[in-house]
Amino acid sequence: MMETKTINPKILYYGNPVVLLTTVNEDGTTNISPISSSWALDHFLVIGLGTTGKAYENLQRSGECVLNIPSPDLWQRVERLAACTGKEIVPSEKAAYGYVSVKDKFHTAGLTRKISSVVSAEAIAECALQIEAEVRHIREPDYMEGIAIIEVEAVAIHAHKSIIKERQHIDPSKWSPLIYNFRHYFGLGKELGKTARA
């Protein structure tokens, strides 16, 4: 039998896809927020955000976003945004970690703007999967201060042609998301098999 030990890690990012969440600022420009808390059920997605960030402020006001899913080769560009905030005044909890205020995160990360088809937030051209979404529900749980759970619905999904098969499906042999695994970046390994529903 495998021996276990009870532990208490600071975080539980046990292998989550990275999302570059784009939202609309008050002046119509687009903000980029790297996040690692999301999951999908059909065409609905749930994301977790800190309530002091620009993304949360923008989502509350505009009710729309784009979930841009980067591939592993973009990890260094994602990391360029790790200590940036779209807030003009850096929140104190972020300032303690050395965050700086950045208005044009596309320029900082070396990413390309792409006009979305339904929502106002721009997408990121380099991301092979871009999910335009509208907010359906926002909740700030009383059991965890400073965190919001946001439910969104995909209203348009775009994929690079190189990863599409049979006109409507993503080819998992050609697409791999960037994974955030206990605060380290990884890609997927080789395919092991497929489910009965594949």
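Relevant structure appears above.
Residues numbered from 1 in each chain as written. Predicted model: local features only at pLDDT ≥ 70, side-chain atom pairs only at ≥ 80, totals over all residues. Heavy atoms only, no water.

A. Highlighting the pattern of salt bridges. One pass over the structure, following the stated rule, counts 10 salt bridges. For Glu126, the salt bridge is made with Arg77, and the minimal N-O distance between the two is 3.8 Å. Here Arg77 lies in helix H2 (residues 75-80) and Glu126 lies in the loop between strand S10 (123-124) and strand S11 (129-139), a separation of 49 residues in the sequence. If you follow the salt bridges from partner to partner, you end up with Glu26, Lys54, Glu57, Arg61 and Lys87 in one network. (Salt bridge = Lys/Arg side-chain N within 4 Å of Asp/Glu carboxyl O. Helix = DSSP H or I, 4+ residues; strand = E, 2+ residues; numbered from the N terminus.)

B. Helix H1 (residues 54-62), seen in detail. Listing the buried residues of H1 in full gives Lys54, Ala55, Tyr56, Asn58 and Leu59. In this fold, the buried residues of H1 make contact with strand S2 (19-24), strand S3 (30-35), strand S5 (44-50), strand S6 (64-69), S11 and strand S12 (147-159). Where H1 terminates, the next one or two residues include Gly63, which has phi positive at roughly 70 degrees. (Buried < 20%, exposed > 50% of the residue type's maximum accessible area, 1.4 Å probe, protein only. Contact = heavy atoms within 4.5 Å.)

C. Structural view of the nonpolar core. The biggest cluster of nonpolar side chains holds 23 residues, and the ones touching the most others in it are Leu21, Leu49, Leu59, Leu67, Ile150 and Val152. Of all elements in the fold, only S2, S5, H1, S6, S11 and S12 reach the threshold of two or more residues within this core. Dropping the residues within four chain positions of it, Leu59 is found in contact with Leu21, Thr23, Ile47, Leu49, Glu64, Cys65, Val135, Ile138 and Ile150. (Core = buried A, V, L, I, M, F, W, Y, C linked by side-chain atoms within 4.5 Å.)

D. Spotlight on the side chain of Asn25. Relative to the helices and strands, Asn25 is located in the loop between S2 and S3. We classify Asn25 as buried; its relative accessible area is 5%. Among the polar contacts made by the side chain of Asn25, one reaches the side chain of Asn58 at a distance of 2.9 Å. When residues no more than four places from it in sequence are discounted, the contact partners of Asn25 are Thr30, Asn31, Lys54, Asn58, Arg61 and Lys103. (Polar contact = N/O pair within 3.5 Å; in protein donor to acceptor, adjacent residues only side chain to side chain.)

E. Quick peek at a nonpolar patch on the surface. Residues Leu12, Tyr14 and Phe182 make up a contiguous nonpolar surface patch of roughly 370 Å² in combined accessible area. By relative accessible area, Leu12 is classed as exposed at 59%. (Patch = residues over 30% accessible without salt bridge, like charges linked within 9 Å, V, L, I, M, F, W, Y side chains within 5 Å. Areas by Shrake-Rupley, 256 points an atom, 1.4 Å probe, with all protein chains shown as cover.)

F. Highlighting the sheet that holds strand S16 (residues 184-186). One open sheet holds the three strands; their spatial order is S1-S15-S16, and the pairing between them is antiparallel. Unpaired on one side and paired on the other, strand S1 (14-17) and S16 mark the two borders of the sheet. Each strand of the sheet is rotated relative to its neighbour by a mean of 30 degrees, with strand direction disregarded. Relative to strand S15 (residues 179-181), S1 runs antiparallel, the two being bridged by three bridges. Bridge pairing in S15 links Tyr14 to Asn181. (Pairing = 2+ DSSP bridges. Axes fitted to C-alpha atoms, helices over the stretch in contact; angles between N-to-C directions.)

G. How the structure looks around the pairing of S2. The element S2 is extensively covered by neighbouring structure, given that six of its six residues are classed as buried. Pairing analysis gives six bridges linking S2 to S3, with the strands arranged antiparallel. Looking at S3, one finds that Thr22 is bridged to Ile32. The turn linking S2 back onto S3 is made up of five residues, and Gly28 within it adopts a positive phi angle of 90 degrees. Note: S2 against S6, three bridges, orientation antiparallel. For Leu21, the partnering residue across the bridge sits in S6 and is Leu67.

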